[in-house]
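Spelled out from the first residue to the last, the chains are:
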Amino acid sequence: MRMEAGEAAPPAGAGSHAGGAWGKWVRLNVGGTVFLTTRQTLCREQKSFLSRLCQGEELQSDRDETGAYLIDRDPTYFGPILNFLRHGKLVLDKDMAEEGVLEEAEFYNIGPLIRIIKDRMEEKDYTVTQVPPKHVYRVLQCQEEELTQMVSTMSDGWRFEQLVNIGSSYNYGSEDQAEFLCVVSKELHSSPHGLSSESSRKSKLLQARGTRM
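Rules and cut-offs
Residue indices begin from 1 for each chain and proceed along its sequence in written order. Two thresholds apply to this predicted model, a pLDDT of at least 70 for residue-level local features and 80 or more for giving and counting side-chain atom pairs, whereas whole-chain, interface and lining totals are computed over all residues. Processing note: side-chain calculations cover all non-hydrogen atoms of the structure and skip hydrogens and water entirely. Secondary structure elements follow DSSP: runs of H or I no shorter than four residues count as helices, runs of E no shorter than two count as strands, and numbering proceeds from the N terminus. To sort residues, take the accessible area from a 1.4 Å probe on protein chains only and compare it with the maximum for the residue type: under 20% means buried, over 50% means exposed, and anything in between is partly exposed. Pairs of residues are marked as contacts when any of their non-hydrogen atoms sit within 4.5 Å. Any Lys or Arg side-chain nitrogen located within 4 Å of an Asp or Glu carboxyl oxygen qualifies as a salt bridge. Classification of ring pairs uses Phe, Tyr and Trp, with its six-membered ring standing for Trp, and accepts pairs whose centres are within 6.5 Å; under 30 degrees between planes counts as stacked, over 60 as edge-to-face, and the remaining range as tilted. Geometrically, a charge over a ring is one whose NZ (Lys) or CZ (Arg) sits within 6 Å of the ring centre while staying within 35 degrees of the ring normal. Nonpolar cores were defined as sets of buried Ala, Val, Leu, Ile, Met, Phe, Trp, Tyr and Cys residues, with membership established by side-chain atoms within 4.5 Å. All axes here are fitted lines through C-alpha atoms, helices being fitted over the stretch that makes contact, and every angle between N-to-C directions spans 0 to 180 degrees. Our angle categories are set so that under 35 degrees counts as roughly parallel, over 145 as roughly antiparallel, 65 to 115 as roughly perpendicular, and the remainder as oblique. Should the near helix be turned counterclockwise from the far one by less than a right angle, the crossing is left-handed, whereas a clockwise turn marks it as right-handed. Here the term charged refers only to Asp, Glu, Lys and Arg, the term nonpolar to Ala, Val, Leu, Ile, Met, Phe, Trp, Tyr, Cys and Pro, and the term polar to all other amino acids, Gly among them. Contacts described as polar in this section are N or O atom pairs within 3.5 Å, which, within protein, must combine one atom able to donate a hydrogen with one able to accept it, while residues neighboring in sequence count only if both atoms come from side chains.

Asks: Teacher, can you tell me more about the environment of Ala-68 here?
Replies: Looking at the secondary structure, you find Ala-68 in the loop between helix 2 (49-54) and strand 6 (69-71). Residue Ala-68 is classed as buried on the basis of its relative accessible area of 0%. When the C-alpha atoms of Ala-68 and Phe-35 are compared, they prove to be 8.8 Å apart, with 33 residues separating the residues in sequence. Aside from chain neighbours lying at most four places away, what touches Ala-68 is Arg-27, Leu-28, Asn-29, Asp-62 and Arg-63.

Here is the structure:
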């Protein structure tokens, strides 16, 4: 429950001692906006600032004229904090900045919420840094008898683009053999961490074979 400061106060005992024990309801005045919730909700994360506050630990928190705890923080981001403690889910309006909620979650020391927000932000950063795939071409020189072996090494996304007969070569003591230039290509998807080690290994293998040109 949320109400603006100055509105009618909730039932007596909210946020104050009642019959020698803490009342069920607690009022929080966050940056001028009053929120009404229960002790059970605030104590959901035992190491949090809010749990310590409602359990009566000395946190030097003043109260307003209605008995609500005064917390000098931005009320805009407190709603998602409180709702997370209520049902364990992070629900944000589309225009609300996750950075602002993260700042408040860190202030109130709500560990699970901090991890959820950071994971979401990292996932968004990864998506943004993705770039369109690029094509890498290699030109390999081989003899006719090596074509079969060449085909067997074309794996991991590599494919033939063109085969060019460049004539024959003569080796002393053997027959002439036709030689070919094989043009191969591969579509590479970049990521923030660069190409995979497997892709790099395959590229080096093809480059090594291409040095025979």
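Having seen it, we continue.
Asks: Looking at this model, I keep getting lost on the pattern of salt bridges. Mind explaining?
Replies: Two side chains carrying opposite charge are able to pair once their charged atoms lie near each other. All chains considered together, the criterion is met by four salt bridges. Ionic pairing is found between Glu-104 and Arg-73, a salt bridge with its closest N-O pair at 2.9 Å. Placement of Glu-104 in helix 4 (residues 98-108) and of Arg-73 in the loop between strand 6 and helix 3 (78-87) is noted, with a sequence separation of 31 residues between them. Note on Glu-104: relative accessible area 5%, which makes it buried. Between Glu-98 and Arg-120 there is a salt bridge; the shortest N-O distance is 3.0 Å. Of this pair, Glu-98 sits in helix 4 while Arg-120 sits in helix 5 (residues 111-129), placing them 22 residues apart in sequence. On the basis of relative accessibility, which here comes to 7%, the residue Glu-98 falls in the buried class.

Asks: Teacher, can you tell me more about the packing of aromatic side chains here?
Replies: Two aromatic rings are characterised by how far apart their centres lie and by the angle between their planes. Considering all chains together, one arrives at five aromatic pairs under this definition. For the pair Phe-107 and Tyr-108, a centre-to-centre distance of 5.0 Å together with 80° between the ring planes defines the contact as edge-to-face. For Phe-107, a relative accessible area of 36% translates into the label partly exposed. A relative accessible area of 0% means that Tyr-108 is categorised as buried. A connected cluster of aromatic rings, assembled from ring pairs, spans Phe-35, Phe-49, Phe-78, Phe-107 and Tyr-108. Here the guanidinium or amino end of Arg-73 rests over the ring plane of Phe-107, the centre of that ring lying 4.0 Å away.

Asks: Is there a simple way to explain the nonpolar core in this structure?
Replies: By size, the foremost hydrophobic cluster in this structure holds 30 residues, and its most contacted members are Leu-28, Leu-50, Phe-78 and Tyr-108. Of all the secondary-structure elements, those providing two or more residues to this core are strand 4 (25-30), helix 2, strand 6, helix 3, helix 4 and helix 5. Contacts of Leu-28, omitting those with residues within four sequence positions, involve Thr-33, Val-34, Phe-35, Leu-42, Leu-50, Leu-53, Ala-68, Tyr-69, Ile-71 and Phe-78. Ranked by size, the runner-up nonpolar core spans 12 residues in total, among them Val-136, Cys-142, Phe-180 and Val-184.

Asks: It is not clear to me how the packing of helix 3 against helix 4 should be interpreted in this structure. Could you clarify?
Replies: Two quantities define a packed helix pair, namely the angle between the axes and the distance from one axis to the other. Relative orientation of the contacting elements helix 3 and helix 4 amounts to 60°, with a least axis distance of 9 Å. The orientation of helix 3 relative to helix 4 falls into the category oblique. Regarding helix 3 and helix 4, the two cross each other, and that crossing is right-handed. Along the contact surface, helix 3 presents Phe-78, Pro-80 and Ile-81, while helix 4 presents Val-101, Glu-104, Ala-105 and Tyr-108. Across the contact of helix 3 with helix 4, the residue classes break down as six nonpolar, no polar and one charged.

Asks: Looking at this structure, I do not really get the side chain of Thr-41. What am I missing?
Replies: Within the element layout of this structure, Thr-41 appears in helix 1 (residues 39-42). Within the local environment of Thr-41, its side chain forms a polar contact with the side chain of Thr-38, the two groups lying 3.1 Å apart. Excluding anything up to four places from it in sequence, Thr-41 contacts Leu-82, Leu-85 and Arg-86.

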